[in-house]
Amino acid sequence: MNASQIITEDMTLEEKLAAIDQAMANAQEQANEEAASRGTFAAPLDPADLTMCEGCQ
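What you are looking at is a predicted structure, and each value in this text was computed from that prediction instead of being measured. (Residues numbered from 1 in each chain as written. Predicted model: local features only at pLDDT ≥ 70, side-chain atom pairs only at ≥ 80, totals over all residues. Heavy atoms only, no water.)

Undergrad: Can you break down the overall build of the chain residue by residue, with the values?
TA: Summing up its helical and strand segments, the chain has one helix and zero strands in all. Against the globule reference of 10 Å for 57 residues, the chain gives a C-alpha radius of gyration of 13 Å, more extended than a compact globule. Its C-alpha atoms put the chain at 40 × 25 × 15 Å along the principal axes. Counting the 57 residues in the chain, one finds 12% classified as buried. Carbon together with sulfur atoms contributes 55% to the accessible area of the chain, which is approximately 4,600 Å² in total. (Helix = DSSP H or I, 4+ residues; strand = E, 2+ residues; numbered from the N terminus. Rg over C-alpha atoms; globule rule 2.2 N^0.38 Å. Buried < 20%, exposed > 50% of the residue type's maximum accessible area, 1.4 Å probe, protein only. Areas by Shrake-Rupley, 256 points an atom, 1.4 Å probe, with all protein chains shown as cover.)

Structure (structure tokens):
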């Protein structure tokens, strides 16, 4: 996920925080669905994972 895809310069702080919260909720829901399809449980996502590039992880 790239932060510039969900946050723009013209957004208020509240809008930016809401966009981040929604992105995190969407990512957790996707992880839950993927884990459920494998018959397992998903661990809560670390918010830091959403801000790092794959090379840094």
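Undergrad: Give a description of helix H1 (residues 13-37) that names residues and reports values.
TA: Taking 1.5 Å per residue, 25 residues should reach 36 Å; H1 reaches 36 Å between its end C-alpha atoms and fits that length. Three or more residues of H1 are buried, namely Ala19, Ala23, Ala27, Ala31 and Ala35. Two residues or fewer after H1 comes glycine 39, characterised by a positive phi angle close to 80°. (Expected span 1.5 Å × (residues − 1).)

Undergrad: Give a detailed account of a negative patch on the surface, specifying residues and quantitative values.
TA: Taken together, the side chains of Glu9, Asp10, Glu14 and Glu15 define an acidic patch exposed on the protein surface. By relative accessible area, glutamate 15 is classed as partly exposed at 42%. (Patch = residues over 30% accessible without salt bridge, like charges linked within 9 Å, V, L, I, M, F, W, Y side chains within 5 Å. Salt bridge = Lys/Arg side-chain N within 4 Å of Asp/Glu carboxyl O. Lys, Arg positive; Asp, Glu negative; His and termini not counted. Charge placed at Lys NZ, Arg CZ, Asp CG, Glu CD.)

Undergrad: Please set out a nonpolar patch on the surface residue by residue, giving values where relevant.
TA: A cluster of nonpolar residues, Leu13, Leu17 and Ile20, forms a patch on the protein surface that exposes about 270 Å² of accessible area. Topologically, isoleucine 20 is positioned in helix H1. Judged by relative accessible area, which is 33%, isoleucine 20 ranks as partly exposed.

Undergrad: Lay out the environment of methionine 24 in plain terms, naming residues and giving numbers.
TA: For methionine 24, the position within the fold is in helix H1. Separated by 10 residues in the primary sequence, methionine 24 and glutamate 14 have C-alpha atoms spaced 15 Å apart.

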